[in-house]
Amino acid sequence: LKMFWFYLPVYLLMEVWLCHSIKVPTISSQQSFKTDLFNFYHSLILADGKETTIHLLKDIPKRYYFVLEEGRALAPFSITVTPCDVPIEWSILEHKASASFLGKTTQGDHDTQEVSKSQKAPSMVSTIFNYKGNSVETYMGMSSHSALYMLEFLSTERDTHITVYLTTDTTSGHLYPELPMDPRIDVIGIGHTTVTLTWKHSPSVLQHRENIQYCLLVNEKHNYKSLCAAETAIRSSGMKLPLALALSLSPYLLEPQQVMILSNSELSIINKASSGEVRQICMGTKNTYTVPNLSPSTQYYFDVFVINLLTNASAAYTGTFARTLEEPEPKVAELKDEKVIQVVLDGKKKKSYSLQYQAIHKKIQFIFQMCHGQVQVHITKNGKTVASENISGLRYFSLKGKLLDTYLVQLRSTEKSNSSVKVQVSSHLHKPLFPLLPESLKIKSFSKLRTCNSVTIAWLGTQEESKYCVYKKRMEDDQVWMELQSADRCSGPESRPKSEKVLCKYFYDINLQRAVTTETIKGLDAGTLYLFDVYLFGPSGIPVSYHSKVVKTRKKC
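Only a predicted model underlies this, so the values are computations on that prediction, with no experimental measurement involved.

Student: Any chance you could explain a nonpolar patch on the surface here in plain terms?
Tutor: A surface patch of nonpolar side chains, about 210 Å² in accessible area, is lined by Val187, Ile190 and Leu325. Note that Leu325 resides in the loop between β19 (320–323) and β20 (332–334).

What follows is the structure, given as structure tokens:
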């Protein structure tokens, strides 16, 4: 009720001002009056001393207004507007009226009508501030009790939201932390995977250290002019924010050195930074920080925000950017003709491994046998790419060139875990290292032929007579996944106990459609899991492993 009587003069003042703006009571002017009155009553009172979030629809202006409390003749005020996405337009309109006119408008409807007839120009309207853009802007001015201020906001690009902070109390501190006179971020060190930053302390840190914290945002797209804009960008990427983090990245939920990562549209907080679109690192009141785990030869954008932990209000330093140094050339190992090299690649560090070979014949062949995981193979000849592929099994690359051509092979793991691969180069194409391979290396089992103590498996052969050896291993239910993940596809029967050997056999068929063999393995236990492996041996004696097959015997027969 008190608020009603406080703002009643404002409503009456606005009504009278609108009435006196109508010179001729035509139909069009009456419609204009109704429109203005509708817009006024659908604008809102802007709270004093509180940050207000305002949602804007495209091309639809939104209006807010404020007046001073009664009894304050002249006082300073400030308005801070923070766009959270696209540029917006906003302005401040001042409606001034004479003191005598203001007094008469509060005496009732009859007096108001008398004033409207006798006064030709009771108020003046002027635009005292106008801005268009997406930067955080603050207007400071002096307000009197005889003026009404209207703020108008407009977004012409798309629906968006902003925050507005109005205060008429400039003596009891600030909602927003203060920035130093020089708010720039300085880059003082650049490495292959690190960038070191420093910035001048906020005066707020020196005054209220326990309530202030610095947070750093790192991304590969662009700088953000406010923490609000950064939150909007993360949200628009499709990330699902937990309820506790909605509307804010909530830096006070993070411990120092913790990192907030956006990866695959999911949010997680970890202790060490990893790749992601946006990282938020909160480091307390330290004003120097080295950002770790960056990618070489990549441009990053850095923004520092000083945040009041009590109010969650923030102020942005002037963002900067830096490009990490190029990755140093990896050490190159020499490949020799017919010699096999086994390479283990670190999936976490994503480092490449390089092999170099100088041709002693015009025609050569590279052979890659995956032992574990999957790798990316990139082959260049005299600096030009001749082959690039991800491999997960056995792969040949037959190439033709000139004597003394220089080939460079680069290997990189495509998985997070370690990968292992055997590499060989040969100029003796008539003496293949590996056997001729069938169309598929899969082992098939026949469910209908399973019994309590036997299973029947089948696999494809080739047109070349070769030796095939079958091995079996008894498994527990909880061992299967780990066994398949850790299997070394490069190891042969020599790594297996003799007790696991089932049989060895030779076969081939000139007709590939009939190059299929089956085998029934007997003497098994009922209701038990078994892992079956088939090894194919070629002329050189080096085996190639078929894909392991897990089969369970019937529990009841």
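Student: Can you walk me through the sheet that holds strand β29 (residues 444–445) in this structure?
Tutor: Taken together, three strands build an open sheet; the order of strands is β29-β30-β33 and the sheet is antiparallel. Of all strands in the sheet, those bounded by a partner on one side alone are β29 and β33 (516–521). Both strand β30 (residues 455–460) and β33 contribute to a ladder of six bridges, which runs antiparallel. Residue pairing in the sheet places Leu460 in a bridge with Val516 of β33.

Student: Whenever I open this one, the pattern of salt bridges confuses me. Can you help?
Tutor: Proximity of charged atoms lets side chains of opposite charge pair with each other. Evaluated as defined, the whole model comprises eleven salt bridges. Taking the shortest distance from any N to any O, the salt bridge between Lys200 and Asp182 comes out at 3.5 Å. With a gap of 18 residues between them, Lys200 in the loop between β11 (195–199) and α5 (203–207) and Asp182 in the loop between β9 (160–167) and β10 (185–190) connect regions that are remote in the sequence. Of the charged contacts, one joins Asp525 and Arg474 as a salt bridge, the two residues approaching to 2.3 Å between their closest N and O atoms. Highlighted residues: Asp525 in the loop between β33 and β34 (529–537) and Arg474 in strand β31 (residues 466–475), separated in sequence by 51 residues. Owing to a relative accessible area of 35%, Asp525 belongs among the partly exposed residues under this scheme. Through salt bridges with shared partners, a single network forms among Asp182, Arg184 and Lys200.

Student: Please clarify how the sheet that holds β10 should be interpreted in this entry.
Tutor: The strands making up a sheet associate through hydrogen bonds between their backbones, and the pairing can be parallel or antiparallel. Pairing is antiparallel in the open sheet, where three strands are placed in the order β10-β11-β16. The outermost strands of the open sheet, each flanked by one partner alone, are β10 and β16 (288–291). Along the sheet, successive strands turn relative to each other by an average axial angle of 25°, direction set aside.

Student: Teacher, can you tell me more about the packing of aromatic side chains here?
Tutor: Centre-to-centre distance and the angle between the planes together describe a pair of aromatic rings. Per the counting criterion, the structure on display carries 21 aromatic pairs. Between Tyr357 and Phe366, the aromatic rings sit 6.3 Å apart at their centres with planes inclined by 85°, giving edge-to-face as the arrangement. Judged by its relative accessible area of 3%, Tyr357 is buried. Classification of Phe366 by relative accessible area gives buried; the value is 0%. A ring pair is formed by Phe366 and Phe368, whose centres lie 6.4 Å apart and whose planes are at 20°; its orientation type is stacked. Considered together, Phe366 and Phe368 belong to a single accessibility category, that of buried residues. Members of the aromatic cluster, joined through ring pairs, are Tyr64, Phe66, Phe77, Trp90, Phe129, Tyr139, Tyr149 and Phe153.

Reading the values: rules and limits
Residues numbered from 1 in each chain as written. Predicted model: local features only at pLDDT ≥ 70, side-chain atom pairs only at ≥ 80, totals over all residues. Heavy atoms only, no water. Patch = residues over 30% accessible without salt bridge, like charges linked within 9 Å, V, L, I, M, F, W, Y side chains within 5 Å. Areas by Shrake-Rupley, 256 points an atom, 1.4 Å probe, with all protein chains shown as cover. Salt bridge = Lys/Arg side-chain N within 4 Å of Asp/Glu carboxyl O. Helix = DSSP H or I, 4+ residues; strand = E, 2+ residues; numbered from the N terminus. Pairing = 2+ DSSP bridges. Buried < 20%, exposed > 50% of the residue type's maximum accessible area, 1.4 Å probe, protein only. Axes fitted to C-alpha atoms, helices over the stretch in contact; angles between N-to-C directions. Phe/Tyr/Trp six-rings, centres within 6.5 Å; stacked < 30°, edge-to-face > 60°.

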